[in-house]
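Given next are the chains, with one letter for each unit.
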Amino acid sequence: MSDIIYKDTKDFNAQELQDLFLSVEWSSGHFPDKLVIAMKNSDSVFTAWENNKLVGLINVLDDGVMTAYIHYMLVNPEYQGQGIGKKLICFVKEKYKDYLRICLTAYKHAVGFYESCGFKTSESKPMNITSLLI
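Residues numbered from 1 in each chain as written. Predicted model: local features only at pLDDT ≥ 70, side-chain atom pairs only at ≥ 80, totals over all residues. Heavy atoms only, no water.

Enquirer: Could you clarify how one ought to interpret unusual backbone geometry in this entry?
Expert: Keep in mind that most residues, glycine aside, have a negative phi and that most peptide bonds are trans. Positive phi outside glycine occurs at Glu25, with the angle close to 60°. Within the element layout of this structure, Glu25 appears in the loop between helix H1 (14–23) and helix H2 (32–41). Its identity is not glycine, yet Asn51 carries a phi of approximately 55°, on the positive side. Here Asn51 is to be found in the loop between strand S2 (44–50) and strand S3 (53–62). (Helix = DSSP H or I, 4+ residues; strand = E, 2+ residues; numbered from the N terminus.)

Enquirer: Would you mind going over the packing of aromatic side chains with me for this structure?
Expert: Two aromatic rings are characterised by how far apart their centres lie and by the angle between their planes. Scanning the entire structure with this criterion turns up nine aromatic pairs. Where Phe21 meets Tyr72, the ring centres are 4.8 Å apart and the plane angle is 90°; that geometry is what we call edge-to-face. Of this pair, Phe21 sits in helix H1 while Tyr72 is found in strand S4 (residues 67–75), placing the two residues 51 residues apart along the sequence. Both residues of the pair, Phe21 and Tyr72, count as buried. Feature note: the residues Tyr6, Phe46 and Phe91 constitute an aromatic cluster, connected by ring pairs. The positively charged end of Lys7 is found above the aromatic ring belonging to Trp49, 4.7 Å away from the centroid. A cation sits over an aromatic face here: Lys87 above Tyr6, 5.8 Å from the ring centre. (Phe/Tyr/Trp six-rings, centres within 6.5 Å; stacked < 30°, edge-to-face > 60°. Buried < 20%, exposed > 50% of the residue type's maximum accessible area, 1.4 Å probe, protein only. Lys NZ or Arg CZ within 6 Å of the ring centre and 35° of its normal.)

Take a look at the structure:
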């Protein structure tokens with residue numbers, strides 16, 4: 001495999017996002033045009049690329065001073081286990097190092113990964129309302 005290139009960018013085409021999101025079987029991949037807008041509206045987006053293929057992405061929504069929320073963090077399964085996710089987390093931790101907290105919601109199978117990146121679980125439970133479109 002080629003070297004992975006990391007970028008701080010919000011510019012994507014719909015196909016790039018669709019391919020990445022569907023590679024991890026996330027239903028939001030079925031709405032690539034909305035993902036393009038969502039990335040443009042994010043406060044931060046860090047990405048990983050092999051050649052011209054988007055292989056990893058993390059996006060952050062923040063309040064500008066205290067709290068940053070990692071909304072999406074995904075790496076194409078063909079590229080997992082190579083440190084790409086940890087590198088993306090490092091970009092976020094560096095950018096938001098002066099914030100009081102960086103928060104995320106993790107699937108049970110991913111908790112160990114996030115703990116290895118310095119995150120700690122809390123007593124609170126994530127809650128959401130999911131559109132019927134998804």
